[in-house]
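# An overview of the molecular structure
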Amino acid sequence: MIADSQPGHIDQIKQTNAGVVYRLIDRYGPISRIALSKKAHLAPASITKIVREMLEAHLVQETEFQEAGSRGRPAVGLVVDTPAWHYLSARIGNGEFTLALRDLSSLLVVEEVRPLPVDDPQPLLSRIINEIDAFFIRHQQKLERLTAIAITLPGILNAQKGIVHRMPFYRVSDMPLGEALSARTGLPVYIQHDICAWTMAEALFGASRDLNNVIQVVIDHNVGAGVITGGRLLHSGSSTLVEIGHTQVEPWGKQCYCGNHGCLETVASLESVLELAAQKMQAAPDCLLHQQPLTAASLCDAALAGDPLAKGIVTGVGHHVGRILAIMVNLFNPEKIVIGSPLNRASEILYPAIADCVRRQSLPVYGQHIAIEPTQFYNQGTMPGAALVKDALYNGTLLVKLLQG
Ligand SMILES: [Zn+2]
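Residues numbered from 1 in each chain as written. Predicted model: local features only at pLDDT ≥ 70, side-chain atom pairs only at ≥ 80, totals over all residues.

Glancing now at the overall build of the protein chain. For the protein chain, the helix and strand inventory stands at 14 helices and 14 strands. For the protein chain, the spread of C-alpha atoms along the three principal axes comes to 75 × 55 × 45 Å. A total of 405 residues make up the protein chain; the buried ones form 38% of that total. Relative to all contacts within the protein chain whose residues are 6 or more apart in sequence, the contacts with residues 24 or more apart total 60%. (Helix = DSSP H or I, 4+ residues; strand = E, 2+ residues; numbered from the N terminus. Buried ≥ 20, exposed ≤ 12 C-beta atoms within 10 Å, placed from the backbone. Contact = placed C-beta atoms within 7 Å.)

Take a look at the structure:
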């Protein structure tokens, strides 16, 4: 590795310190400069300087508050100043594009879901750019200073370079999404795999908040996971994912799109679960699933109503996922497992099936007391994009750009 030259090194320290101070104000505000100095382990003079720059950029503001345990005059504290700064958080899913304008505290200003047809002849990249342009024009009135664009999507991508190599549903080959959007808007653009960003969102604002070791499993069109270990997102900043969906669970099973056979995804993805239900229903005329169109919701409702076939299918998903989770529990010893899935509707059937596997198939001292809970957000939302922006503020990279104006 080549050592950083001195000026670059100082910039790096400034960026890190600014990120730390902003995170502490966001987390503990209103907070006094003295308390900030102690929590950040930075000299009061450094705090004064960083805070002055943030005040000038309208990223934080001063407010009077009563310090805990003090009966004296109100102290001057700092809080983040967010309404003046907006960013775009978007998600590309199967046939649709969700766009949201949020302020820097992640508060939603406006959100829209637009069709993004899979079979349109126009290149996906130009359609995305056009949709974003039109969104900004439609909401001009509400728009404050724009800081960044964050986009989450399924697929294989390089988050650093902003390149989407391949996507499910859409025909995409090495799409330079980050570069194109940045050239178009002049804004920093953050791109991340949706499950990875969703795991960050749960850790920052949701079900995994304040926990150091969590496994998040997504059972949806795709099956995947995210891991928080030692308080950090596993594989953070790389294009590597926790690909549990492509672990073999049935050696003689169906071929998966990855090339192998019997992957977890071929038995636990929403499509394969519904396909299995459709097959089994045919031999079960009394099955409740005949009464309405077959969807994840109707499958869950039938299972909750005690239909043996539906119950068996949801339990089967729990056992398949549970077997892989048991191995992951032995690797990461989490405090909690969070599940993001439309099958959460039948959590009282799904979770015990998962818990049962984890208890019986992992080290008892690790597996006994793990809480299994639903994620707070859902797959189609724009909170995962919000997490990318928050992360870029906390690590200082975006913050420094905003301070420089
Ligand atoms: Zn596979």
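Backbone torsion omega between glycine 29 and proline 30 reads 0 degrees, so that peptide bond is classified as cis. Examined against the element boundaries, proline 30 turns out to sit in the loop between α1 (6-28) and α2 (33-40).

The next thing to look at is the packing of α2 against helix α3 (residues 44-56). The contact between α2 and α3 brings their axes to 9 Å, and the two run at 115 degrees. With respect to α3, the element α2 is oriented roughly perpendicular. As for the relative orientation of α2 and α3, their crossing is right-handed in sense. Residues Arg33, Leu36, Ser37 and Ala40 of α2 pack against Pro44, Ile47, Thr48 and Val51 of α3. Of the residues that constitute the contact of α2 with α3, the class distribution is 5 nonpolar, 2 polar and 1 charged. (Axes fitted to C-alpha atoms, helices over the stretch in contact; angles between N-to-C directions. Parallel < 35°, antiparallel > 145°, perpendicular 65-115°, else oblique. Left-handed = near helix turned anticlockwise from the far one by under 90°. Nonpolar A, V, L, I, M, F, W, Y, C, P; charged D, E, K, R; others polar.)

Spatial ordering of the open sheet is given by β5-β4-β3-β6-β9, a layout of 5 strands whose pairing is mixed. With partners counted over all chains shown, the strands left at the sheet margins are β5 (108-115) and β9 (189-193), one partner each. If you compare each strand with its neighbour and ignore which way they point, the axes differ by 15 degrees on average. For strand β6 (residues 145-153) and β9, the ladder comprises 5 bridges, and the chain directions are parallel. Looking at β9, one finds that alanine 150 is bridged to tyrosine 190. The strands touched by helix α5 (residues 177-185) are β6 and β9; relative to β9, the strand with the most contacts, the crossing angle is about 155 degrees. Strands β3 (85-92), β6 and β9 of the sheet are contacted by helix α6 (residues 194-205), whose axis makes an angle of about 100 degrees with β9. (Pairing = 2+ DSSP bridges.)

Pairing in this open sheet of 5 strands is mixed, and the strands run β12-β11-β10-β13-β14 from one edge to the other. Looking at strand neighbours, the two that pair on one side only are β12 (232-233) and β14 (371-374), the edges of this open sheet. Note that strand β11 (residues 223-229) and β12 share 2 bridges and pair antiparallel. Bridge pairing in β12 places isoleucine 228 opposite leucine 233. Its contacts with the sheet put α6 on β10 (214-219), β11, β12 and β13 (336-340), and the angle it makes with β11 is roughly 45 degrees.

Counting buried residues along β10, 6 of its 6 residues qualify, which places the element largely inside the surrounding structure. Where burial is concerned, the two faces of β10 agree: the one with Val214, Gln216 and Val218 and the one with Ile215, Val217 and Ile219 are both buried. One ladder, built from 6 bridges, connects β10 with β11; its direction is antiparallel. Of the residues in β11, the one forming a bridge with isoleucine 219 is valine 223.

What follows concerns the packing of helix α4 (residues 124-138) against α5. Running from amino to carboxyl end, α4 crosses α5 at an angle of 35 degrees, the nearest separation of the two axes being 11 Å. α5 is crossed by α4, and the crossing has right-handed handedness. Between α4, through Leu125, Ile128 and Ile129, and α5, the contact on the second element is made entirely by Leu177, Ala180, Leu181 and Arg184. A breakdown of the residues in the contact of α4 with α5 according to their chemical character gives 6 nonpolar, no polar and 1 charged.

By size, the foremost hydrophobic cluster in this structure holds 103 residues, and its most contacted members are Leu299, Val314, Leu325 and Val389. Broken down by element, the residue count for this core peaks at 10 residues, all from helix α10 (residues 308-332). If we ignore the near neighbours within four places in the chain, the residues touching leucine 325 are Ile215, Val217, Ile337, Ile354, Cys357 and Val358. (Core = buried A, V, L, I, M, F, W, Y, C linked by C-beta atoms within 7 Å.)

Domain assignment breaks the protein chain into domain 1 (9-80), domain 2 (85-199 + 381-403) and domain 3 (208-374). Taking only C-alpha atoms, the centre of domain 1 and the centre of domain 3 are 43 Å apart. (Domains from an automatic or database assignment.)

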